[in-house]
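Here's the letter readout for the chains.
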Amino acid sequence: MSVVCANNSTSKALNRCDVMSLPHESNLSKMEDDDSKIGNRRASGTDDENLTRKSTADRDPTDFYEAISVDSGKGRIPIGDSRIALVEDINTAGVPPKECWSARYSLGLMGLLGAACVYAMRVNLSVAIVAMVKPQLKNDTNTSDVDQVCLPPEGQNDTSQDGQETGDFEWSKATQGVILSVFYYGYLLTNLVGGRAAEYFGGKLVFGWGVVLTAIFTVLSPLCAQVSTGLFIAVRICEGLSEGVIFPSMNALLAKWIPPLERPRYSSLVFAGAQFGTIITMPVSGWLCDTDFLGGWPSVFYVFGGLGIIWGVAWYFLVYSHPDMHPRISREEKAYINYHCGALAQNVIPIPWKAVFTSLPFWAVMVAHVGYNWGFYTLLSELPTYLKNIQHFSMTSNGIYSALPYLVMWIVSLIYSNIINYLQGRDKMSTITVRRLSMGIGMYGPMLGLVAMCFVDCDPVLAMVFLCIAVGICGPIYSGYMCSHQDLSPNLAGTLLGFTNAAGTIPGIVAPSITGLIINGNQTLWAWRTVFIISAVVYFVTGTFYVTFISAEVQPWNAPQEDKGKGKKRY
């Protein structure tokens, strides 16, 4: 028969459970003796509660085993309880099952589409607001330094109207800035809540409702804008509150569903949905605003909000919070996932606040998240402005060219993650090497791209080339710090991403504000060089901190240990 062996001699958190095959009779007495020992140890109060969930990766060959357990299909059954369950084909549990379509594929695809939907509903206002607001003829560029201003191409009329004479709202630039930024105030507040809620109630529920509620608020946006500016601002805050739970809850889902060697591929697939949503939204939103479909600009909110609601129906039927809850998952895939993702506790553990916030690897992830978001949000919010005011792209082409760097990033992330998955699957590269290499490329590459942007002057083609490099080469980060939360603590993966994503939201508020102060009334090459250099420095400092202090080992505070003397849990 085949059984799963568990060792209690190591303090290292497990990544998998080892498998041993025992003869029918020759080891029965050995098993009975060990069963008796375990029962005696339990009776004396010295047995560990997690005895059957410890790793045997480093077991001493002379220490045959200390405890044995098997998976009965209804949870682990320890032999110390005088019960033995047989598991068929358990020797193949660690091998990926060969299936045309697995439950993991459904999770990855639906996660990608969900991330795309929420980013579409976040970014669409950046395009729609151009059509919503009545154009202002004033050109706020200070041209006192003629050498630092790019002149528009011959025959192009450099106005802020771009041929559009209509608009429903007379919002000042300050009001527009508030409307665009209030989303992040709501987004900041629910990141930790989302990660923790996913650990308690399941990632399916939290992620699904986060997307659907955001979609509902998006559909209501045109009506709220017509009623009052204040109500429109309020609904944008509500969208931020709903969307703040999205990525932490997905991280909790991935920790339960995706084995460690597959995490770069799936994290890249799912989280790069943000770039996919941006790629689709920018040009499509511009096109919808130019049509009479559903009133022009309101159609931007109706279309993407409606897609989010439709996505929610599919999510409900296709995705589940845990492999054991999935009614259609194959037996082989379930065994494979549970074999490699066994470090998760059965119950939600309390947050070890002191242990987490005194952990240097955790701070490495936090700093990297903030640094990456600084550059990302700077370009996401200000790239259309740069292309229009400096390189003089028309509004029609602006949406397409603004989306191009994110298309490159999406493609790079998918290609890179598959290469990494191939190398790791053949033991060519360790996990810590993958994390450091990915972040080295994903942080130092954009840094060099932004430095190069300081020398493009008034060449729009060269500007687009270096922008594609600066944004596109960020793709490997999804195999870097975005996997580190799951590396450090599978039990708290959602909570950790809630912490770092909340901190990473601050650049979404601060970076565009600082950029605005630099370029307000000063649309010159020198002003934009300052913006690029600031982001390049942030990339370098935060990327170096991550590469220096990150770890790929499960941290001791991932699971509490019983303090038997006082009856308390310690970390």
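Residues numbered from 1 in each chain as written. Predicted model: local features only at pLDDT ≥ 70, side-chain atom pairs only at ≥ 80, totals over all residues. Heavy atoms only, no water.

## Let's talk about the packing of helix α5 (residues 203-227) against helix α10 (residues 298-318)
Between α5 and α10, whose axes approach to 8 Å, the crossing angle comes to 155°. In terms of axis orientation, α5 runs roughly antiparallel to α10. The crossing of α5 and α10 is left-handed. Counting all contacts with α5, which are made through G203, K204, F207, G208, V211, V212, A215, I216, T218, V219, S221 and P222, the residues of α10 involved are P298, F301, Y302, G305, G306, G308, I309, W311, G312, W315 and Y316. In the contact of α5 with α10, the residues fall into 14 nonpolar, 8 polar and 1 charged. (Axes fitted to C-alpha atoms, helices over the stretch in contact; angles between N-to-C directions. Helix = DSSP H or I, 4+ residues; strand = E, 2+ residues; numbered from the N terminus. Parallel < 35°, antiparallel > 145°, perpendicular 65-115°, else oblique. Left-handed = near helix turned anticlockwise from the far one by under 90°. Contact = heavy atoms within 4.5 Å. Nonpolar A, V, L, I, M, F, W, Y, C, P; charged D, E, K, R; others polar.)

## What to know about empty space enclosed by the protein
Under the criterion given, the structure shown has 7 cavities of 30 Å³ or more. The computed volume of the largest cavity comes to approximately 200 Å³. Along the walls of the largest cavity sit 17 residues, with Y119, F247, N373, Y478 and Y481 positioned nearest its centre. Put simply, the parts of the chain that give the lining of the largest cavity at least two residues each are α9 (273-289), α13 (360-389), α17 (481-488) and α18 (493-519). With 5 residues, the top contributor of residues to the lining of the largest cavity is α13. Of the residues in the lining of the largest cavity, the class split is 13 nonpolar, 4 polar and no charged. (1 Å grid on protein atoms, 1.4 Å probe; cavity = no way out; pocket = protein on both sides within 12 Å on 5 of 7 lines; lining within 4 Å. Points joined across faces, edges and corners; volume = space filled by probe spheres on them.)

## Comments concerning the packing of α17 against α18
The contact between α17 and α18 brings their axes to 8 Å, and the two run at 135°. Viewed along their axes, α17 and α18 adopt a mutual orientation that is oblique. Seen from above, α17 lies across α18 with right-handed handedness. From α17, M482, H485, Q486 and L488 reach across to α18, where they touch A493, L496, L497 and T500. Per-class residue counts for the contact of α17 with α18 are 5 nonpolar, 3 polar and no charged.

## A closer look at the side chain of S359
Checked against the element boundaries, S359 lands in the loop between α12 (353-357) and α13. Excluding its chain neighbours within four sequence positions, the residues that come into contact with S359 are Q555 and W557.

## A short note on the nonpolar core
Among the nonpolar cores identified, the biggest contains 124 residues, and M132, M250, F271, W315, Y372, Y386 and Y481 are the most heavily contacted of them. The element contributing the most residues to this core is helix α2 (residues 103-132), with 17 residues. Look past the residues within four positions of M132 in its chain and what remains in contact with it is L125, G167, D168, F169, W171, A225, F232, W297 and F301. (Core = buried A, V, L, I, M, F, W, Y, C linked by side-chain atoms within 4.5 Å. Buried < 20%, exposed > 50% of the residue type's maximum accessible area, 1.4 Å probe, protein only.)

## Topic: the confidence of the model for the protein
Detailed conclusions should not be drawn from predicted coordinates in areas where pLDDT is low. Across the protein, pLDDT averages 76, with 74% of residues at or above 70. Note on residues 34-91: pLDDT under 50 across the span, and 112 contacts to partners over four residues away in sequence or across chains. When the criterion is pLDDT under 50, residues 562-571 qualifies, and its contacts beyond four places in sequence or with other chains add up to 21 contacts. (pLDDT = per-residue confidence, 0-100.)

## Considering a nonpolar patch on the surface
Together, Y200, F201, L205, W209, L213, I216, L220, I309 and V348 line one region of the surface with nonpolar side chains, adding up to about 840 Å² of accessible area. When contributions to the nonpolar patch are tallied by element, the ones reaching two or more residues are α4 (191-201) and α5. For the nonpolar patch, the leading source of residues is α5, giving 5 residues. You can see L220 is positioned in helix α5. Judged by relative accessible area, which is 38%, L220 ranks as partly exposed. (Patch = residues over 30% accessible without salt bridge, like charges linked within 9 Å, V, L, I, M, F, W, Y side chains within 5 Å. Areas by Shrake-Rupley, 256 points an atom, 1.4 Å probe, with all protein chains shown as cover. Salt bridge = Lys/Arg side-chain N within 4 Å of Asp/Glu carboxyl O.)

## Here's the deal with unusual backbone geometry
Phi at D427 takes a positive value of approximately 55°, unusual for a residue other than glycine. For D427, a relative accessible area of 71% puts it in the exposed group. Of note, D457 is a non-glycine position whose phi angle comes to about 55°, a positive value. Taking the relative accessible area as the measure of exposure, D457 reaches 34% and is therefore partly exposed.

## Some details on the environment of G371
Following the sequence through the fold, G371 ends up in helix α13. The spacing of G371 and M443 is 72 residues in sequence and 8.6 Å in space, taken between C-alpha atoms.

## Looking at the environment of P350
Within the secondary structure, P350 is located in the loop between α11 (331-340) and α12. A relative accessible area of 40% means that P350 is categorised as partly exposed. When the C-alpha atoms of P350 and N558 are compared, they prove to be 10.0 Å apart, with 208 residues separating the residues in sequence.

## Describing the packing of aromatic side chains
The relation between two aromatic rings is expressed through the spacing of the ring centres and the mutual angle of the planes. Tallied over the full model, the rule gives 34 aromatic pairs. Consider the rings of Y119 and F376, whose centres lie 6.4 Å apart with planes at 65°: the pair is edge-to-face. Of this pair, Y119 sits in helix α2 while F376 is found in helix α13, placing the two residues 257 residues apart along the sequence. A relative accessible area of 6% places Y119 in the buried class. Every member of this aromatic cluster is reached through a ring pair, and the members are Y119, F183, Y184, Y187, F247, F271, Y372, F376, Y377, Y406 and Y481. (Phe/Tyr/Trp six-rings, centres within 6.5 Å; stacked < 30°, edge-to-face > 60°.)

## Re the pattern of salt bridges
In total, this model carries 6 salt bridges according to the counting rule given. For E262, the salt bridge goes to R104, with nearest N and O atoms at 3.1 Å. On the criterion of sequence distance, the pair formed by E262 in the loop between α7 (246-257) and α8 (263-271) and R104 in helix α2 is long-range, its members being 158 residues apart. The same class applies to E262 as to R104, namely buried. The shortest N-O distance in the salt bridge between R529 and D457 comes to 2.6 Å. Taken as a pair, R529 in helix α19 (residues 525-549) and D457 in the loop between α15 (431-453) and α16 (460-472) lie far apart in primary sequence, 72 residues in all. The exposure class assigned to R529 is buried, which follows from its relative accessible area of 15%. The structure contains a network of salt bridges with shared partners spanning R104, E262 and E333.

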